[in-house]
Amino acid sequence: KQEQPTQEQIKELWEWCGLRYTGDGRWLCPEGLIHWQGTDAVDLNNLFKYAVPIAIDRIMAEQQCSSDLAYAILFKKWLQKLELDIPNHAGTLFWAIWEVINR
């Protein structure tokens with residue numbers, strides 16, 4: 001089973017995605033201020049909305065590949081992690097994206 005991301009790792013991920021922490025659990029994103037409590041920030045909706053597109057762009061640039069192939073690369077990483085930690089869907093996607101960020 002995969003460990004849970006720390007608050008620092010969560011903050012780093014969202015900042016990498018272009019969001020800005022304003023304090024008290026609030027983040028400034030394109031839609032305005034949003035409020036997340038602790039690890040609520042790491043759910044599938046948020047990851048797919050903010051992190052997956054950035055990760056796909058990064059993979060496309062690094063691998064010089066199409067978006068279809070980039071999605072296949074990211075989802076393969078995700079499924080490998082998910083097989084070891086079902087049903088931790090959001091946590092395992094977080095770690096797959098984390099690998100893309102920290103290559």
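Every chain is numbered on its own, with residues counted from 1 as its sequence reads. Only residues with pLDDT of at least 70 get local features here, since the model is predicted, and only at 80 or more are side-chain atom pairs given and counted; chain-wide, interface and lining totals rely on the full set of residues. Hydrogens and water are ignored here; the side-chain numbers use all heavy atoms of the structure.

1. Description of the confidence of the model for the protein
Turning to step 1, where the next piece is worked out: Think of pLDDT as the predictor's per-residue confidence, scored from 0 to 100. For the protein, the average pLDDT comes to 92, and 97% of its residues sit at 70 or higher.
Turning to step 2, where the next piece is worked out: Starting at the N terminus, helices and strands are each numbered in turn, a helix being any DSSP run of H or I of at least four residues and a strand any DSSP run of E of at least two. Looking across the protein, the model is least confident in strand S3 (residues 32-35), with a mean pLDDT of 86, and most confident in helix H3 (residues 67-84), with 97.

2. Examining the sheet that holds strand S1 (residues 20-23)
Turning to step 1, where the next piece is worked out: Across the sheet, 3 strands lie side by side as S1-S2-S3; this open sheet has antiparallel pairing. The sheet is open, and its two edges are formed by S1 and S3, each paired on a single side. When strand polarity is set aside, the average angle formed by the axes of neighbouring strands in this sheet is 35°.
Turning to step 2, where the next piece is worked out: Where S1 lies against strand S2 (residues 26-29), 3 bridges are found, and the strand directions are antiparallel. When the bridges of S2 are listed, Gly-23 appears paired with Arg-26. Note on pairing: DSSP must find at least two bridges between two strands before they are called paired. With axes taken as lines fitted to C-alpha atoms, and helix axes fitted only over the stretch in contact, angles between N-to-C directions fall between 0 and 180 degrees.

3. A few points about the environment of Gln-7
Turning to step 1, where the next piece is worked out: With respect to the helices and strands, the residue Gln-7 is situated in helix H1 (residues 7-16).
Turning to step 2, where the next piece is worked out: Exposed residues in this analysis have more than 50% of their type's maximum accessible area, buried residues have under 20%, and partly exposed residues fall in between, with area computed by a 1.4 Å probe over protein chains only. Overall, the relative accessible area of 44% leaves Gln-7 in the partly exposed class.
Turning to step 3, where the next piece is worked out: Sequence separation of Gln-7 and Ala-41 is 34 residues, and the distance between their C-alpha atoms is 9.9 Å.

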